[in-house]
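Observations on the model geometry
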Amino acid sequence: MIRTKDEIAKMRRAGKVVAEIMEKTREFVKPGVTTLQIDKVAREVIERRGARSNFLNYHGFPAVICTSPNNMIVHGIPSKCVIEEGDILSIDCGAIVEGYHGDAAYTMPVGEVSALAAKLIQVTEKSLYAGIEVMKPGNRLHDIGREVQAVAEAAGFSVVRKYVGHAIGTAMHEEPQVPNYWPGTPGPKLKAGNVFAVEPMVNAGDFDTIELDDGWSVLTADGSLSAHFEHTIAITEDGPEILTLA
Ligand code: MG
Ligand code: MG
């Protein structure tokens, strides 16, 4: 799908709302807060900006963000779960402006965390930016995952296979998928006007996952820590433009 300049302008506005959710939730998170309170902070941003949530009611999801602590990889449901000193917390968030979607995620340390946790967060964010760097017209879709995987594995970590990034536009999840690893083929050529949400999920241990009975929460099968970073990125003639930056 090739998005026009006008469409990308709308996605840029959605991206700004998403960036503000990331900023405000990051400021709010500290030991003792519940993940439900963090969701409320995100709701207030969406409301204040006159945007809509793309997470709320998505296949019945009950909140505007996903909150996934420690060994939870993605899709955690905000609850009375209290965040504690030493935790790491992944927050995935999105917004819709004039029918166009933004989607992003980050993992943050809560207070003092282990050296392993700090390294995992740093490497996962670095892997996202390595993927973004090759998002240029003429490169191939799966070049993105190849770069992500190289950074994660060089640090001794693994990249989740079961959950991947996606094209994004008038729906949050559009085709094609964007794997965070090399799937064995180069995939289609990238073109100016393509917009993708790239979202490496990196585990300190193995990449296998399990899902909880709540139908949402995804955890590492081996109990190891996991981090998640995501941006919505438009490919332009000049290279990648990250739409979900403040
Ligand atoms: Mg997301
Ligand atoms: Mg996404």
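In this report, we go over the structure that sits alongside the text. All values derive from a computational prediction rather than experimental measurement. (Residues numbered from 1 in each chain as written. Chains lettered and ligands numbered in written order. Predicted model: local features only at pLDDT ≥ 70, side-chain atom pairs only at ≥ 80, totals over all residues. Heavy atoms only, no water.)

1. Things to note about the overall build of the protein
Here is the rule we go by: Numbered from the N terminus, helices here are DSSP runs of H or I no shorter than four residues, and strands are runs of E no shorter than two. Radius of gyration: C-alpha atoms only; globule rule: 2.2 Å multiplied by the number of residues to the exponent 0.38. The contact definition used throughout considers only heavy atoms, calling two residues in contact when any of these lie within 4.5 Å. Neither His nor the chain termini are counted; the positive set is Lys and Arg, and the negative set is Asp and Glu. Charge placement uses NZ in Lys and CZ in Arg. For Asp and Glu, CG and CD serve respectively.
Across its full length, the protein carries 4 helices and 14 strands. Relative to the compact-globule value of 18 Å for 246 residues, the protein shows a C-alpha radius of gyration of 17 Å, a close match. Once the C-alpha set of the protein is aligned to its principal axes, its extents read approximately 45 × 40 × 30 Å. Across the protein, contacts joining residues at least 24 apart in sequence account for 70% of those joining residues at least 6 apart. Charged side chains of the protein number 24 positive and 33 negative; the gap between the two group centres comes to 6 Å.

2. Points about the coordination of the magnesium ion (ligand 1)
This is how it is decided: Atoms of type N, O and S within 2.8 Å of a metal are treated as its donors, and for Na, K and Ca the window is 3.2 Å; water is not considered, so some sites may appear to be missing partners. Buried means the residue's accessible area, taken with a 1.4 Å probe over protein chains only, is under 20% of the maximum for its type, while exposed means over 50%, and partly exposed covers the values in between.
Within the protein, Asp92 (OD), Asp92 (OD), Asp103 (OD) and Glu230 (OE) serve as the donor atoms for the magnesium ion (ligand 1), at 2.0 to 2.7 Å. The metal-metal distance between the magnesium ion (ligand 1) and the magnesium ion (ligand 2) is 3.2 Å, with Asp103 serving as a donor to both. Note that Asp92 is positioned in strand S3 (residues 88–97) and Glu230 in the loop between strand S12 (226–228) and strand S13 (231–236), a separation of 138 residues in sequence. For Asp92, a relative accessible area of 9% corresponds to the buried category.

3. As for the coordination of the magnesium ion (ligand 2)
Bound to the magnesium ion (ligand 2) on the protein side are Asp103 (OD), His166 (NE2), Glu199 (OE) and Glu230 (OE), at distances that span 2.1 to 2.3 Å. Overall, the relative accessible area of 2% leaves Asp103 in the buried class. Owing to a relative accessible area of 6%, Glu199 belongs among the buried residues under this scheme.

4. Remarks on the packing of aromatic side chains
Short version of the rule: Planes of paired rings set the category: under 30 degrees apart is stacked, over 60 is edge-to-face and the rest tilted, where pairs are Phe, Tyr or Trp rings (Trp by its six-membered ring) whose centres lie within 6.5 Å. Two thresholds decide whether a charge sits over a ring: the Lys NZ or Arg CZ must be within 6 Å of the ring centre and within 35 degrees of the ring normal.
Counted according to the given criterion, the structure contains 1 aromatic pair. Their ring planes at 80 degrees and their centres at 4.9 Å tell us that Phe61 and Trp216 sit as a pair that is edge-to-face. Taken as a pair, Phe61 in the loop between helix H2 (35–48) and strand S1 (65–69) and Trp216 in the loop between strand S10 (209–211) and strand S11 (218–220) lie far apart in primary sequence, 155 residues in all. What makes Trp216 buried here is its relative accessible area of 19%. Over the aromatic face of Phe207 sits the side chain of Arg161, whose NZ or CZ is 4.1 Å from the ring centroid.

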